[in-house]
Protein chains: 2
Amino acid sequence: MERSTVLQLDGQEVAVRDAVRGDLPALLAMLADDPLGASRDPVADADVDVEPYLAAFAAIDKDPAYRLLVCESAGRVVAMLQLSFIPGLSRRGAWRAQIEAVRTHADFRGLGLGRGFIQWAIELARDGGCSLVQLTTDKSRSDAHRFYERLGFEASHEGMKLVL
Amino acid sequence: MERSTVLQLDGQEVAVRDAVRGDLPALLAMLADDPLGASRDPVADADVDVEPYLAAFAAIDKDPAYRLLVCESAGRVVAMLQLSFIPGLSRRGAWRAQIEAVRTHADFRGLGLGRGFIQWAIELARDGGCSLVQLTTDKSRSDAHRFYERLGFEASHEGMKLVL
């Protein structure tokens, strides 16, 4: 499977590649800079315990079933998403790709970056033999619902969560 | 992690264990015996190509990140679900467990089997270090929504799907 690509964005080139450990500060900053994420992931500072994040990165990085992808522009990490490949019996033994943790840096919103990034993720899923791409978005993110519907997704399911 | 357990159900014992390849005919019959599944998975007969199902089973079986669990009563497989463990950066590097392909045999509905089975899956997720359990259910399955809400799930998200 292709390990990187370049998106053309308003004449500007944005590289898409798998995240590396050195990207973590930028990724954590994007997770914290979000109306819902702010309560779940703190802004990185000296008091934040980074061990759980390092462990999560290592778990994602070592297993080809999970890909943490980033967009890089002029040396800055400006977007992220995680793609997970999940086998299953239903739909004639279909593999499905699940998209999670989609974030675009505030300076890079409204430029079509998210659209190109998700479209590339869909192509990765297709190349990986998946029959279905799925994601859940918080019901309060109505802009996100329209965004995904324009990309062909259908809000056919209730997304149910139980915090342990 | 515990590989099997026994649920008490109306005085009857139901064993919960990981699926084996020989369970496949019973699992496929349950997938097909469903208002939504019927159009996606055919009733097993001589014309059905079982290779994709065998391949999917092998992919699930070889990776400890995926567990296909079944309930067995008096030698019959009477319920199934798949639990997938997914690492992620968000929520302080939380692992999440995803429940899919939940089916109970028509003869065993309304007995509390599903409730006990899901509760056991939740405990497996907790024992596996997950901070979140998630699933999606088709919006037409209103009984399922109530069932999961009674188990503590919140329908906080839109579940979006794109068939490739």
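Just above, that's the structure.
Residues numbered from 1 in each chain as written. Chains lettered and ligands numbered in written order. Predicted model: local features only at pLDDT ≥ 70, side-chain atom pairs only at ≥ 80, totals over all residues. Heavy atoms only, no water.

Participant: I tried to follow the pairing of strand E5 (residues 95-104) of chain A on my own but got confused; where do I start?
Facilitator: Two faces make up the sheet, and in a regular strand the side chains alternate between them. Residues and elements named next belong to chain A. Of all 10 residues making up E5, eight are buried, and the element is well covered by its neighbours. Taken together, the seven bridges between strand E4 (residues 76-86) and E5 define a ladder with antiparallel strand orientation. Looking at E5, one finds that Ser84 is bridged to Gln98. Where E5 and strand E6 (residues 130-138) come together, four bridges link them in parallel fashion. The partner of Trp95 across the bridge, within E6, is Cys130. Crossover handedness for the path E5 to helix H4 (residues 113-127) to E6: right-handed. (Buried < 20%, exposed > 50% of the residue type's maximum accessible area, 1.4 Å probe, protein only. Helix = DSSP H or I, 4+ residues; strand = E, 2+ residues; numbered from the N terminus. Pairing = 2+ DSSP bridges. Right-handed = clockwise from strand over helix to strand, strands pointing away.)

Participant: Would you mind showing me how to read the pattern of salt bridges here?
Facilitator: When the charged atoms of two side chains lie near each other, side chains of opposite charge can form a pair. In the structure shown here, the tally under the stated rule is 16 salt bridges over all chains. Where Arg126(A) meets Glu123(A), a salt bridge forms, and the shortest distance between an N and an O atom there is 3.3 Å. Highlighted residues: Arg126(A) and Glu123(A), both in helix H4, separated by three residues, approximately one helical turn. You can call Arg126(A) partly exposed: its relative accessible area is 42%. Across the pair Glu72(B) and Arg17(B) runs a salt bridge whose closest N-O atoms are separated by 2.7 Å. Of the two residues, Glu72(B) is situated in strand E3 (residues 66-73) and Arg17(B) in strand E2 (residues 12-18); the sequence distance between them amounts to 55 residues. Members of the salt-bridge network, linked through shared partners, are Arg17(A), Asp23(A) and Glu72(A). (Salt bridge = Lys/Arg side-chain N within 4 Å of Asp/Glu carboxyl O.)

Participant: Teacher, can you tell me more about the packing of H4(A) against helix H5 (residues 142-150) of chain A here?
Facilitator: Helix packing for two helices is described by the angle between their axes and how far apart those axes are. Residue and element names in this part refer to chain A. At a closest axis distance of 11 Å, the pairing of H4 and H5 adopts a crossing angle of 50 degrees. By the criterion of interaxial angle, the relationship of H4 to H5 is oblique. For the pair H4 and H5, the crossing hand works out as right-handed. Packed against H4, whose contacting residues are Gly114, Arg115 and Ile118, the element H5 presents Phe147, Tyr148 and Arg150 at the interface. The residue inventory of the contact of H4 with H5, partitioned by class, reads three nonpolar, one polar and two charged. (Axes fitted to C-alpha atoms, helices over the stretch in contact; angles between N-to-C directions. Parallel < 35°, antiparallel > 145°, perpendicular 65-115°, else oblique. Left-handed = near helix turned anticlockwise from the far one by under 90°. Contact = heavy atoms within 4.5 Å. Nonpolar A, V, L, I, M, F, W, Y, C, P; charged D, E, K, R; others polar.)

Participant: Got a minute to help me understand helix H2 (residues 51-62) of chain B in this structure?
Facilitator: Because an α-helix packs 3.6 residues into every turn, residues spaced three or four apart end up facing the same way. Over its 12 residues, H2(B) runs 16 Å from end to end, which matches the ideal 16 Å to within 8%, given 1.5 Å per residue. Within the sequence span of H2(B), burial applies to Tyr53(B), Leu54(B), Ala56(B), Phe57(B), Ala59(B) and Ile60(B). Considering only its buried residues, H2(B) is in contact with helix H3 (90-93) and E5 of chain A together with helix H1 (24-32), E3 and strand E4 (76-86) of chain B. (Expected span 1.5 Å × (residues − 1).)

Participant: What should I look at first to understand the nonpolar core in this one?
Facilitator: Burial of nonpolar side chains together is a common tendency in soluble globular proteins. Grouped together as the largest cluster of nonpolar side chains are 42 residues, with contacts concentrated most on Leu27(A), Met80(A), Leu89(A), Leu27(B), Met80(B) and Leu89(B). Looking at this core, the elements that each hand over two or more residues are helix H1 (24-32), helix H2 (51-62), strand E3 (66-73) and E4 of chain A together with H1, H2, E3 and E4 of chain B. Apart from residues lying up to four places away in sequence, Met80(B) is in contact with Leu89(A), Leu27(B), Met30(B), Leu31(B), Leu68(B), Leu69(B), Val70(B), Ala101(B), Val102(B), Arg103(B) and Phe117(B). In this structure, Leu7(A), Ala97(A), Ile99(A) and Tyr148(A) belong to the second largest nonpolar core, which totals 32 residues. (Core = buried A, V, L, I, M, F, W, Y, C linked by side-chain atoms within 4.5 Å.)

Participant: When you look at the packing of aromatic side chains in this model, what are you seeing that I'm missing?
Facilitator: For any pair of aromatic rings, the description consists of the separation of the ring centres together with the inter-plane angle of the planes. All names here are of chain B. Across all of its chains, the model carries four aromatic pairs over all chains by this definition. Plain terms: the ring middles of Phe147 and Tyr148 are 5.0 Å apart, the flat faces sit at 70 degrees to each other, and that makes the pair edge-to-face. A relative accessible area of 6% means that Tyr148 is categorised as buried. The interplanar angle of 80 degrees and the centroid separation of 5.6 Å between the aromatic rings of Tyr148 and Phe153 together place this pair among those described as edge-to-face. (Phe/Tyr/Trp six-rings, centres within 6.5 Å; stacked < 30°, edge-to-face > 60°.)

Participant: Can you help me understand the interface of chain A and chain B in this one?
Facilitator: One frequently used descriptor of interface size is the decrease in accessible area upon assembly of the parts. Counting from both sides, the interface comprises 62 residues of chain A and, opposite them, 62 residues of chain B. Roughly 5700 Å² of surface becomes buried between chain A and chain B when both sides are summed, with 61% attributable to carbon and sulfur atoms. The residue Arg96(B) makes a salt bridge to Glu100(A) at a minimum N-O spacing of 2.9 Å. Here chain A and chain B share 27 residue pairs in polar contact (both at pLDDT 80 or more) between them. Counting residues per element, the side of chain A that touches chain B draws most heavily on strand E7 (residues 154-163) of chain A, at 10 residues. Classifying every residue of the side of chain A that touches chain B gives 33 nonpolar, 15 polar and 14 charged. Note that E7(A) and strand E6 (residues 130-138) of chain B share seven bridges and pair antiparallel. Counted as the bridge partner of Val163(A) is Leu132(B) from E6(B). (Buried area = accessible area lost by both parts, 1.4 Å probe. Polar contact = N/O pair within 3.5 Å; in protein donor to acceptor, adjacent residues only side chain to side chain.)

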